Amino acid sequence: MLTSSEGAIWKQVVEIYQQWDTSWQKPMPIEDVASRLPAIDSAMIRDTLVHAAADHLAEVDVSDPFTFKPIQDRVTGGTQ
């Protein structure tokens, strides 16, 4: 389960992802997210994404490059 800090980061990550891919189809590299959230340590973003995947909120590929994709139905309740 996401901590309250991770929940706040997750919300920002999802907003960035929605702007980056409005079709919710492409995996996004973590570097793109980190560059848009410079005040948040990239390790914290990575941890948040791993925990979001454990909570079935995102698909995460930890290989190089690390990518993620929020699961739209879990994040939006099936609506955009």
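Going by the structure above, here's the rest.
A brief look at the structure comes next. (Residues numbered from 1 in each chain as written. Predicted model: local features only at pLDDT ≥ 70, side-chain atom pairs only at ≥ 80, totals over all residues. Heavy atoms only, no water.)

**Examining the overall build of the protein chain**
To be explicit about the condition: Per the convention used, a helix needs a DSSP run of H or I reaching at least four residues, while a strand needs a run of E reaching at least two, with both numbered from the N terminus. The quantity called the radius of gyration is restricted to C-alpha atoms. Its globule counterpart is 2.2 Å times the number of residues to the power 0.38.
The number of helices and strands found in the protein chain is four helices and three strands. Element order for the protein chain, N to C, with α for helix and β for strand: α-β-α-α-β-β-α. Over its C-alpha atoms the protein chain spans a radius of gyration of 11 Å, differing by no more than 12% from the 12 Å that the globule rule assigns to 80 residues. C-alpha extents for the protein chain along the principal axes are approximately 30 × 25 × 25 Å.

**Thoughts on the pairing of strand β2 (residues 58–61)**
Applicable threshold: Pairing between strands requires that DSSP locate at least two bridges from one strand to the other.
When β2 meets strand β3 (residues 67–70), the two strands line up antiparallel, connected through four bridges. Looking at the pairing, E59 lines up with K69 of β3. Connecting β2 to the next strand, β3, in antiparallel fashion are five residues.

**Comments concerning the packing of aromatic side chains**
Keep this limit in mind: Two aromatic rings, drawn from Phe, Tyr or Trp (for Trp, its six-membered ring), form a pair once their centres lie within 6.5 Å of each other, and the interplanar angle then sorts them: stacked below 30 degrees, edge-to-face above 60, tilted otherwise. Distance and angle both matter: a charge sits over a ring if NZ of Lys or CZ of Arg is within 6 Å of the ring centre and within 35 degrees of the ring normal.
Tallied over the entire structure, the rule returns three aromatic pairs. Here Y17 and W20 contribute two aromatic rings whose centre-to-centre distance is 5.9 Å and whose plane-to-plane angle is 45 degrees, an arrangement assigned as tilted. You can see Y17 and its partner W20 sitting in helix α1 (residues 4–20), three residues apart, about one turn around the helix. The structure contains a cluster of three or more aromatic residues connected by ring pairs, namely Y17, W20, W24 and F68. Positioned above the aromatic ring of W20, the side-chain terminus of K26 is 4.9 Å from the ring centre.

**Here's the deal with the sheet that holds β3**
Note the following rule: Contacts between residues were defined by any pair of non-hydrogen atoms, one from each residue, lying within 4.5 Å. In this analysis an axis means a line fitted to C-alpha atoms, helices contributing only their contacting stretch, and an angle means the value between N-to-C directions, from 0 to 180 degrees.
Taken in spatial order, the three strands line up as β1-β3-β2 in an open sheet, and their pairing is antiparallel. Looking at strand neighbours, the two that pair on one side only are β1 (28–29) and β2, the edges of this open sheet. α1 contacts β1, β2 and β3 of the sheet and is inclined by roughly 90 degrees relative to β3.

**Structural notes on the packing of α1 against helix α3 (residues 42–54)**
Where we set the bar: For classification purposes, angles smaller than 35 degrees are called roughly parallel, those larger than 145 roughly antiparallel, those between 65 and 115 roughly perpendicular, and all remaining angles oblique.
Running from amino to carboxyl end, α1 crosses α3 at an angle of 90 degrees, the nearest separation of the two axes being 9 Å. Comparing their axes, α3 and α1 come out roughly perpendicular. Where α1 abuts α3, its residues S5, E6, I9, W10 and V13 lie against M44, I45, D47, T48, L49, H51 and A52.

**Brief notes about the pattern of salt bridges**
The criterion, for reference: Salt bridge criterion: a side-chain nitrogen from Lys or Arg within 4 Å of a carboxyl oxygen from Asp or Glu. Exposure classes here rest on a 1.4 Å probe applied to the protein chains alone. A residue is buried below 20% of its type maximum, exposed above 50%, and partly exposed in between.
Under the counting rule described, the total for this entry stands at one salt bridge. The residue K69 makes a salt bridge to E59 at a minimum N-O spacing of 3.8 Å. Placement of K69 in strand β3 and of E59 in strand β2 is noted, with a sequence separation of ten residues between them. Look at K69 and you get buried, because its relative accessible area is 17%. The exposure class of E59 is partly exposed, given its relative accessible area of 45%.

These results come straight from atomic positions and should not be treated as a statement about function.
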